[in-house]
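The residues making up each chain are set out below.
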Amino acid sequence: MNFFLIFKTITIIQKPKTMKKLEDLFEHQLKDLYSAEDQLTKALPKMVENAKDSKLKKAFEDHLEETKGHKQRLEDICSELDIDPSGETCKAMEGLIKEAESFLDEDTSDDVKNAGMIAEAQRVEHYEISAYGTAVRFAKELGHNNIADKLQQTLDEEYSADQKLDNLAEGRLNEKAKA
Ligand SMILES: [Fe+2]
């Protein structure tokens with residue numbers, strides 16, 4: 001392949017997609033969410049491994065199972081809409097995971113580790129809550145009511161995961177970290 005052909009191929013690969021309709025943006029958001037959930041299924045085992053409290057460990061384990069379900073739900077939605085869920089990388093989730101991983105490398109006491117991991121996980125949850133909130137609204141506006149219900153189910157689970165982390169932080173772990 002000569003230089004011109006290589007340049008042309010790169011240009012074609014990097015050409016941004018045209019999004020003219022809300023449906024296109026919705027599709028883009030679903031793919032982005034799929035990438036986010038996929039990255040999380042790979043990152044959460046590390047959180048499980050590093051949690052220094054049995055309840056926190058269990059919360060991460062449960063959310064890992066839920067996250068696998070969220071990924072599957074997005075696959076089902078995409079197949080209903082006849083779109084390929086892969087092909088996007090959620091850069092925000094990439095950054096949030098990087099930040100959480102670099103926190104795990106810090107030299108901390110066990111209690112501070114737990115409190116910090118909750119903080120990192122809640123950043124992730126809040127990002128997902130915001131993204132699913134938008135996706136539910138778009139699905140409704142586009143008349144995909146059945147899909148909106150499925151996305152709402154995930155949104156509810158993200159809210160309850162966030163609440164569980166709140167309870168762990170407020171109930172015990174932050175107090176311990178103060179000592
Ligand atoms: Fe999720």
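Before reading further, recall that the structure is shown in the block above.
Read on for a plain summary of the structure. (Residues numbered from 1 in each chain as written. Predicted model: local features only at pLDDT ≥ 70, side-chain atom pairs only at ≥ 80, totals over all residues. Heavy atoms only, no water.)

**Observations concerning the overall build of the protein chain**
Inclusion rule: Runs of E in the DSSP output that reach at least two residues are strands. Runs of H or I that reach at least four are helices, and both are numbered from the N terminus. Between buried and exposed lies partly exposed: a residue is buried under 20% and exposed over 50% of the maximum accessible area for its type, with that area taken using a 1.4 Å probe on protein chains only. The contact criterion used is simple: two residues touch if any of their non-hydrogen atoms lie within 4.5 Å. Computed by Shrake-Rupley with a 1.4 Å probe, the accessible areas treat only the displayed protein chains as cover when residues are assessed.
What the protein chain contains, in helices and strands, is six helices and zero strands. Looking at the protein chain as a whole, 41% of its 179 residues are labelled buried. In the protein chain, once contacts between residues fewer than 6 apart in sequence are set aside, the share between residues at least 24 apart is 78%. When the accessible surface of the protein chain is summed, it comes to about 10,200 Å², and 52% of that surface belongs to carbon and sulfur atoms.

**Focus: the coordination of the iron ion**
Angles at a metal have ideal values that depend on geometry: 109.5 degrees with four tetrahedral donors, 90 or 180 degrees with six octahedral donors. For the record, the criterion: In this analysis a donor is any N, O or S atom within 2.8 Å of a metal ion (3.2 Å for sodium, potassium and calcium), and since water is not included, sites may seem incomplete. For four-coordinate sites, all angles between 85 and 135 degrees define a tetrahedron; for four- and six-coordinate sites, opposite donors beyond 155 degrees with the remaining angles between 65 and 115 define square planar and octahedral shapes respectively, and all other cases count as irregular.
In this structure, Glu-37 (OE), Glu-37 (OE), His-70 (ND1) and Glu-158 (OE) serve as the protein donors to the iron ion, at separations of 2.0 to 2.6 Å. Coordination at the iron ion is irregular, judged from the four donor atoms that bind it and the angles of 52 to 145° they form at the metal.

**Side note on the packing of helix 3 (residues 54-81) against helix 5 (residues 110-141)**
Defined as follows: Comment: axis = line fitted to C-alpha atoms, over the contacting stretch for helices; angle = value between 0 and 180 degrees taken between N-to-C directions. Roughly parallel here means an angle under 35 degrees, roughly antiparallel means over 145, roughly perpendicular means 65 to 115, and every remaining angle is called oblique. The crossing is said to be left-handed when, going from far helix to near helix, the turn is anticlockwise and less than a right angle, and right-handed when the turn is clockwise. Note on residue classes: Ala, Val, Leu, Ile, Met, Phe, Trp, Tyr, Cys and Pro are nonpolar, Asp, Glu, Lys and Arg are charged, and everything else, Gly too, is polar.
Look at helix 3 against helix 5: their axes get within 13 Å of each other, and the N-to-C directions meet at 20°. Considering the angle they form, helix 3 stands roughly parallel to helix 5. In the crossing of helix 3 with helix 5, the sense of the turn from one axis to the other is left-handed. Residues Leu-56, Phe-60, His-63, His-70 and Leu-74 of helix 3 form the contact with helix 5, whose participating residues are Asn-114, Met-117, Ile-118, Ala-121, Glu-125, Glu-128 and Tyr-132. Here the contact of helix 3 with helix 5 is built from residues that sort into seven nonpolar, three polar and two charged.

**A short note on the packing of helix 2 (residues 22-50) against helix 3**
Relative to each other, helix 2 and helix 3 sit at 155°, their axes nearing to 9 Å. Considering their axes alone, helix 2 and helix 3 lie roughly antiparallel with respect to each other. Between helix 2 and helix 3 the crossing geometry is left-handed.

**Comments concerning the pattern of salt bridges**
We apply this condition: Each salt bridge in this description consists of a side-chain nitrogen of Lys or Arg and a carboxyl oxygen of Asp or Glu lying within 4 Å of one another.
Taken as a whole and judged by the stated rule, the model has eight salt bridges. Linking Asp-38 and Lys-42 is a salt bridge whose minimum nitrogen-to-oxygen distance equals 2.9 Å. Placement of the pair is Asp-38 and Lys-42 together in helix 2, with a separation of four residues, close to one helical turn. When its relative accessible area of 58% is taken as the criterion, Lys-42 is described as exposed. Residue Glu-65 pairs with Lys-68 through a salt bridge whose shortest N-O separation is 3.2 Å. One end of the pair is Glu-65 and the other is Lys-68, both in helix 3 and three residues apart, which spans about a single turn. Each of Asp-38, Lys-42 and Lys-71 takes part in one network of salt bridges that share partners.

**Considerations on the packing of aromatic side chains**
Centre distance and the angle of the planes are the two values used to describe a pair of aromatic rings. Note the cut-off: Pairing of aromatic side chains requires ring centres within 6.5 Å, counting the rings of Phe and Tyr and the six-membered ring of Trp. Pairs whose planes differ by under 30 degrees are stacked, by over 60 edge-to-face, and all others tilted. For a Lys NZ or an Arg CZ to count as sitting over a ring, it must be within 6 Å of the ring centre and within 35 degrees of the ring normal.
Inspection of the entire model under this criterion finds zero aromatic pairs. Sitting over the ring of Phe-103, Lys-113 keeps its end group 5.4 Å from the ring centre.

**Some thoughts on unusual backbone geometry**
Phi is positive for Asp-82, close to 60°, though the residue is something other than glycine. As for its position among the elements, Asp-82 is in the loop between helix 3 and helix 4 (91-104). Relative accessible area serves as the criterion here: at 71%, Asp-82 is assigned to the exposed category.

Honestly, it's all geometry; don't read function into it.
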